[in-house]
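Chain by chain, the residues:
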Amino acid sequence: MSRALILVDVQNDFCEGGSLAVPGGAEVARRISEHVTAHHQEYAAIVATADWHEAPGAHFSDHPDFVESWPAHCRVGSDGALFHPAAQRALHHVQAVFRKGHHSAAYSGFEGFTVDADRRVGLAEWLRDRVVEQVDVVGIATDHCVRATALDAAKDGFQTTVLLHLTAAVAPQTTERALRDLREAQVRTTGEVVSG
Ligand SMILES: [Zn+2]
């Protein structure tokens, strides 16, 4: 069965020093590079998602609650929106980048699109075109964009695994809820979430 790897939002703003730093983010970027270097031949496809915000409305707040609203992050064209340098060796193997959240929160990579021959292609369609049936999901943050991407993958019929040792989380309470949601959606998880 064909398996794909989805790298979720391994961007500067979500790593130490970024505007919405998740503890352990840079370590996750480094580990993802190691994982991809060692295992890229086992994947039929490797893709990345990226938060890519212009005007995402209430997703940004000057008084964020860090659950539903956040400090400004990953603005189109900013350094914070770039992939973290420690993920560079992984990005070398990435075949397509799915950008999301121009005008919305867009936690899930399945809300994003890549441009292929002047046409916007969503992640589910792109994976199906390559006869992918299983996906591994890794990246930042476990309790938000990784969670939403994995839940959508399962909903779209992909056999989904989250490699938790290649994810970093914002907070314990939302992580607990995320892991429960993933289990209920028949998403497999392996390993332990990286903490900062
Ligand atoms: Zn965002």
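First, a word on scope: everything that follows refers to the structure included in this document. Everything quoted here is computed from the prediction, not taken from an experiment.

Taken together, D51 (OD), H53 (NE2), H59 (NE2) and H73 (NE2) make up the full set of protein donors to the zinc ion, lying 2.1 to 2.2 Å away. Around the zinc ion sit four donor atoms; with metal-centred angles ranging over 89 to 170°, the donor geometry is irregular. In terms of primary sequence, the donors binding the zinc ion are separated according to D-x1-H-x5-H-x13-H. Of this pair, H59 sits in the loop between β2 (45-51) and α2 (88-91) while H73 sits in the loop between β2 and α2, and the two are 14 residues apart along the sequence. The pair H59 / H73 is uniform in exposure class, with both members buried.

This part covers helix α1 (residues 25-39). Compared with an ideal rise of 1.5 Å per residue, which puts 15 residues at 21 Å, α1 spans 21 Å between its outermost C-alpha atoms and is within 8% of the ideal. Here the buried face of α1 lies against β1 (3-8), β2, α2, β6 (134-140) and β7 (159-168).

This next bit is on the pattern of salt bridges. Taken as a whole and assessed by the stated rule, the structure comprises 11 salt bridges. For E27, the salt bridge identified is with R31, shortest N-O distance 2.9 Å. One end of the pair is E27 and the other is R31, both in helix α1 and four residues apart, which spans about a single turn. Note on R31: relative accessible area 27%, which makes it partly exposed. Taken together, the salt bridges that share partners define one network made up of E27, R30, R31 and E34.

Definitions and cut-offs
- Residues numbered from 1 in each chain as written.
- Predicted model: local features only at pLDDT ≥ 70, side-chain atom pairs only at ≥ 80, totals over all residues.
- Heavy atoms only, no water.
- Donors = N, O, S within 2.8 Å, 3.2 Å for Na, K, Ca; no water.
- Tetrahedral: all angles 85-135°; square planar, octahedral: opposite > 155°, others 65-115°.
- Helix = DSSP H or I, 4+ residues; strand = E, 2+ residues; numbered from the N terminus.
- Buried < 20%, exposed > 50% of the residue type's maximum accessible area, 1.4 Å probe, protein only.
- Expected span 1.5 Å × (residues − 1).
- Contact = heavy atoms within 4.5 Å.
- Salt bridge = Lys/Arg side-chain N within 4 Å of Asp/Glu carboxyl O.

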